[in-house]
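Commentary on secondary and tertiary structure
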Amino acid sequence: MGDRERNKKRLLELLQAAGTDNAHCADCGAADPDWASYKLGVFICLNCCGVHRNFPDISKVKSVRLDFWDDSIVEFMTRNGNLRVKAKFEARVPAFYYIPQASDCLVLKEQWIRAKYERREFMADGETISLSGNREGFLWKRGRNNSQFLRRRFVLLAREGLLKYYTKEEGKSPKAVISIKDLNATFQTEKIGHPHGLQITYRRDSHVRNLFVYHESGKEIVDWFNALRAARLQYLKMAFPELPESELVPFLTRNYLKQGFMEKTGPKQREPFKKRWFALDSHERRLLYYKNPLDAFEQGQVFLGNNEQGYEVYGDLPKDIRGNRWKAGLTIVTPERRFVLTCPNEKEQQEWLESLRGVLSSPLTPLSCLSLPQCRQPCEKKRRHAELQQETAGPGPGFWGLKENFCVWKSTD
């Protein structure tokens with residue numbers, strides 16, 4: 001037994017104790033966790049607590065503030081805590097394995113928790129997790145010209161750096177062959193309308209191609225996600241052998257910095273404002289826009305250099321220009337033209353401003369501009385190409401060239 005208020009005070013002190021990492025959720029890193037697994041000895045947030053409740057054989061949870069705690073359980077929490085338990089269950093997490101954050105979708109958190117505590121995949125005495133080989137299986141893919149999801153066979157050839165998918169289960173000719181160097185994967189569960197929805201993007205000519213897929217098994221879709229990350233890491237190690245692994249990991253996959261509807265006018269700024277879905281890719285410094293969120297291809301894209309190159313964003317509209325339905329304006333200034341947009345409200349406007357200014361204030365680097373060596377970013381003007389020659393390092397010995405209005409790295413190896 002124990003004194004309710006005394007033990008509550010002890011637990012609250014444990015949450016703030018230095019050197020314990022108890023002030024953040026042990027599973028997703030959310031600040032100020034209010035719950036705990038008293039079977040594992042960790043403090044967790046409300047969202048991760050809901051996952052733990054589904055696995056009573058491996059975890060049992062209590063509220064730090066609302067539930068009664070026995071002296072013996074408080075002592076158990078004192079002896080353990082987040083840092084000690086993570087050292088045990090996260091002893092060997094592969095570099096490519098995605099560790100979910102507080103803002104990530106439920107399936108990522110659920111599979112991370114199950115991999116750690118139920119399957120014990122990352123313990124020091126467990127088997128090494130390796131997803132660097134080939135992978136083959138079936139995913140449900142949304143049709144390019146309709147909303148129907150059909151079963152498709154996907155094949156990942158990590159050594160060759162390729163992902164293929166087939167419309168026929170035993171077909172020999174793939175519908176698409178996707179280079180790993182051009183690939184990104186991000187969970188988009190709300191947009192796709194499925195709790196396991198994954199968006200795979202890649203370059204097709206000068207456009208971005210979107211594939212929307214899911215699998216009924218949460219483990220299967222997360223395993224595919226991490227297999228793609230493993231293949232990406234293998235590619236980046238070969239492309240940038242001089243960089244340490246820790247600098248490559250942030251570029252394996254990426255979420256959009258900001259997404260949502262805005263209205264835009266045309267280049268003359270006299271055209272009617274039209275509603276479009278926008279997605280900001282901060283790593284490749286591109287603002288993409290679509291007619292609908294689940295379109296296979298973008299309608300257009302804006303390359304975002306940095307402030308030193310003359311790129312700016314303002315929280316208003318040019319003089320004598322008014323939006324259609326929405327009045328909270330944005331103006332993106334590039335060396336070639338202005339892009340005039342309106343947001344549905346001031347909150348959205350401020351979020352877009354903050355996100356865009358963050359991209360424009362950051363320098364161009366070989367990793368943040370992976371698109372440039374692979375001829376994926378429009379140069380648009382020879383002056384812009386000259387700027388890139390001076391301000392962006394290439395991936396190895398060589399020089400920047402111009403081909404079909406794109407900046408291309410021409411190797412001299």
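For the structure, check the block above.
Residues numbered from 1 in each chain as written. Predicted model: local features only at pLDDT ≥ 70, side-chain atom pairs only at ≥ 80, totals over all residues. Heavy atoms only, no water.

1. Notes on the pairing of strand β13 (residues 286–290)
Buried residues dominate β13, accounting for five of its five residues. Of the two faces of β13, both are covered, the one formed by Arg286, Leu288 and Tyr290 as well as the one formed by Leu287 and Tyr289. In this sheet, β13 lies alongside strand β12 (residues 274–281) in antiparallel orientation, the contact comprising five bridges. When the bridges of β13 are listed, Ala279 appears paired with Leu288. The antiparallel hairpin formed by β12 and β13 contains four residues in its connecting segment, where Arg285 sits at a positive phi of about 55°. Of the strand pairs in this sheet, β13 and strand β14 (residues 300–303) are connected by four bridges, and their pairing is antiparallel. Note on β14: the bridge partner recorded for Arg286 is Phe303. (Buried < 20%, exposed > 50% of the residue type's maximum accessible area, 1.4 Å probe, protein only. Helix = DSSP H or I, 4+ residues; strand = E, 2+ residues; numbered from the N terminus. Pairing = 2+ DSSP bridges.)

2. Remarks on the environment of Leu353
Mapped onto the elements, Leu353 comes out in helix α9 (residues 346–360). Counting along the chain gives 40 residues from Leu353 to Val313, while the straight-line C-alpha distance between them is 7.1 Å. Apart from residues lying up to four places away in sequence, Leu353 is in contact with Val313, Tyr314, Gly315 and Leu330. (Contact = heavy atoms within 4.5 Å.)

3. Topic: the layout of surface pockets
In this structure, the largest pocket spans a volume of roughly 720 Å³. Ser103, Asp104, Cys105, Phe187 and Asn255 are, among the 25 residues lining the largest pocket, the residues nearest its centre. Secondary-structure elements contributing two or more residues to the lining of the largest pocket are β8 (184–187), α6 (189–192), α7 (218–239) and β11 (258–264). Among the residues forming the lining of the largest pocket, the class breakdown is 11 nonpolar, eight polar and six charged. (1 Å grid on protein atoms, 1.4 Å probe; cavity = no way out; pocket = protein on both sides within 12 Å on 5 of 7 lines; lining within 4 Å. Points joined across faces, edges and corners; volume = space filled by probe spheres on them. Nonpolar A, V, L, I, M, F, W, Y, C, P; charged D, E, K, R; others polar.)

4. Concerning unusual backbone geometry
Trans is the common state for peptide bonds, and a negative phi is the common state for residues other than glycine. In this structure, Asp21 is a non-glycine residue whose phi angle is positive, near 65°. With respect to the helices, strands and loops of the structure, Asp21 is situated in the loop between α1 (4–16) and β1 (35–37). For Asp21, a relative accessible area of 30% puts it in the partly exposed group. With a phi close to 65°, Gln269 is a non-glycine residue in the positive phi region. Within the fold, Gln269 resides in the loop between β11 and β12. The buried category is assigned to Gln269, whose relative accessible area is 14%.

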